[in-house]
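Inside the fold
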Amino acid sequence: MRPPAEAIGALALIVGAIALLIFLAVEGALVYAVWRYRSSRSSAGKPAGFEGNRRLEIAWTAAPALVLAVVFALMLGTMAEIGGASVEPGLRVRAVGHQWWWEFGYGAVLTANELHIPVDTAVDLELTSADVIHSFWVPELGGKRDMLPGTTNRLRLFARRAGVYEGQCSEFCGVEHAWMRIRVVAESQADFDRWLAAQGQPAATRGDGERIFLAAICVNCHAVRGTSAAGTAGPDLTHVGARATLGAGVLPNDVARMRAWVADPQQYKPGALMPRVPLSDAELDTLAAYLVSLK
Ligand code: CUA
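Everything in this summary refers to the structure shown in the same document. (Residues numbered from 1 in each chain as written. Predicted model: local features only at pLDDT ≥ 70, side-chain atom pairs only at ≥ 80, totals over all residues. Heavy atoms only, no water.)

Here we come to the packing of helix α1 (residues 4–36) against helix α2 (residues 54–83). Following both chains from N to C, one finds α1 and α2 inclined at 170°, their axes separated by 9 Å at the closest point. It follows that α1 is roughly antiparallel to α2 by the angle criterion. Listed contacts from α2 to Pro4, Ala7, Ile8, Leu11, Ile14, Val15, Ile18 and Ile22 of α1 are Val67, Val71, Leu74, Met75, Thr78, Glu81 and Ile82. Each residue belonging to the contact of α1 with α2 can be placed in one class, and the counts come to 13 nonpolar, one polar and one charged. (Axes fitted to C-alpha atoms, helices over the stretch in contact; angles between N-to-C directions. Helix = DSSP H or I, 4+ residues; strand = E, 2+ residues; numbered from the N terminus. Parallel < 35°, antiparallel > 145°, perpendicular 65-115°, else oblique. Contact = heavy atoms within 4.5 Å. Nonpolar A, V, L, I, M, F, W, Y, C, P; charged D, E, K, R; others polar.)

Turning our eyes to something else, we now look at the packing of helix α4 (residues 207–215) against helix α7 (residues 281–293). Helix-helix packing: each pair is described by the crossing angle between the helix axes and the interaxial distance. At a minimum axis distance of 8 Å, the contact between α4 and α7 shows a crossing angle of 105°. Put simply, α4 runs roughly perpendicular to α7. Here α4 contributes Asp208, Gly209, Glu210, Ile212 and Phe213 to the contact with α7, which in turn contributes Glu283, Thr286, Leu287, Tyr290 and Leu291. When the residues that make up the contact of α4 with α7 are grouped by side-chain class, the tally is five nonpolar, two polar and three charged.

This part takes up the sheet that holds strand β3 (residues 109–112). To summarise the sheet geometry, strands pair through backbone hydrogen bonds and adopt either a parallel or an antiparallel arrangement. Within the open sheet, the five strands sit side by side as β3-β2-β1-β5-β8. Their pairing is mixed. Each edge of the open sheet is held by one strand with a lone partner, namely β3 and β8 (153–157). The sheet shows a mean angle of 25° between the axes of neighbouring strands, direction not considered. Bridge analysis of strand β2 (residues 101–106) against β3 gives four bridges, and the strand direction is antiparallel. Each bridged residue has a counterpart across the sheet, and for Tyr106 the counterpart in β3 is Val109. (Pairing = 2+ DSSP bridges.)

Moving on to helix α5 (residues 255–263). Taken together, the buried positions of α5 are Met258, Trp261, Val262 and Ala263. For α5, the elements touching its buried residues are β11 (245–246), β12 (251–252), α6 (265–268) and α7. (Buried < 20%, exposed > 50% of the residue type's maximum accessible area, 1.4 Å probe, protein only.)

A separate point is the nonpolar core. Counting residues in each nonpolar core, the largest one holds 30 residues, and the members touching the most others are Phe104, Tyr106, Leu115, Leu125 and Phe136. Secondary-structure elements contributing two or more residues to this core are β1 (91–98), β2, β4 (114–118), β5 (123–129), β8, β10 (181–187) and α3 (189–200). Filtering out sequence-adjacent residues up to four positions away, Leu125 remains in contact with Val93, Leu115, Phe136, Asn153, Arg154, Leu155 and Leu157. Counting residues in hydrophobic clusters, the runner-up holds 24 residues, among them Ala229, Leu284, Leu287 and Ala288. (Core = buried A, V, L, I, M, F, W, Y, C linked by side-chain atoms within 4.5 Å.)

Attention shifts here to the state of the cysteines. By definition, a disulfide links the sulfur atoms of two cysteines through a covalent bond. Counting across every chain of the model gives zero disulfides. Cys221 carries a free sulfur, and the closest cysteine sulfur to it, the one in Cys218, is 9.1 Å from it. (Disulfide = S-S within 2.5 Å.)

Of note, His177 is situated in the loop between β9 (163–168) and β10. The class for His177 is buried, based on a relative accessible area of 18%. Filtering out sequence-adjacent residues up to four positions away, His177 remains in contact with Trp100, Gln168, Cys169, Ser170, Glu171 and Phe172.

In terms of burial, β10 is a largely internal element, five of the seven residues being buried. Bridge analysis of β4 against β10 gives five bridges, and the strand direction is parallel. When the bridges of β10 are listed, Leu115 appears paired with Val184.

One pass over the structure, following the stated rule, counts seven aromatic pairs. Where Phe104 meets Phe136, the ring centres are 6.4 Å apart and the plane angle is 85°; that geometry is what we call edge-to-face. Pair noted here: Phe104 is in strand β2 and Phe136 is in strand β6 (residues 134–137), with a separation of 32 residues, a long-range link. As far as burial versus exposure is concerned, Phe104 and Phe136 are alike and both buried. With a centroid separation of 6.1 Å and 45° between ring planes, the pair formed by Tyr106 and Phe192 is classed as tilted. (Phe/Tyr/Trp six-rings, centres within 6.5 Å; stacked < 30°, edge-to-face > 60°.)

As far as function goes, none of this settles anything; it's purely spatial.
What follows is the structure, given as structure tokens:
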């Protein structure tokens, strides 16, 4: 299959071309009439009246109806194509919208905000929401679809080339709606398999940082597989260090930013459901280094 964005682009070109032809025909007729019946050329007489001309009225009702019917048929074809029902998906990923981050599930493997997919593979997202209505949209890879609590919607993605594709929540979902960025990493099947295998591993045991994490309020909301932390309200942090950003795109992910984020998330994402984590400076240093080491 071709990427849905290409199918939509092709349809837009065809509809644009039809609209351009109609525009040229109508404006051409107008310019011709103005020129033909201009007052300085009284010899042309007055234009003929068309009142009650049944044939003409049928024609200018039927012609637009025909144009609309053609566009409608083309649109149905494109919708069927980008829906992808005729192509079996090579991968299914569960995507859950949260205020204000994304959860992605590959079977039992959970991650957040950064979706990895193999190139040249039809990927079906199973979309739902944990709270309010969100909308998933990565324009270069597929259509836009709402994520509704209690319902699962399906959205087909397809990437032709490896790379990073940016997306954004597209349904107003609260104060941090603008900071629900989606980062899609499309990569070769081999790279994707390596990534998924690494994500499936539990976190390595890591001394002091892990002890601080498990003793702090972090564990109420976050899980790190391989430890006793099993919170589900916030993003799974088992491999948080492997992700490029923090807070669904608010900050780049490194030790300094991780420390600043954990110390005061509200400074970077006001309204985010994560509270400040009350720790000493030394504990924050150790905790931030631990979290970023979870690759
Ligand atoms: Cu989620 Cu807007």
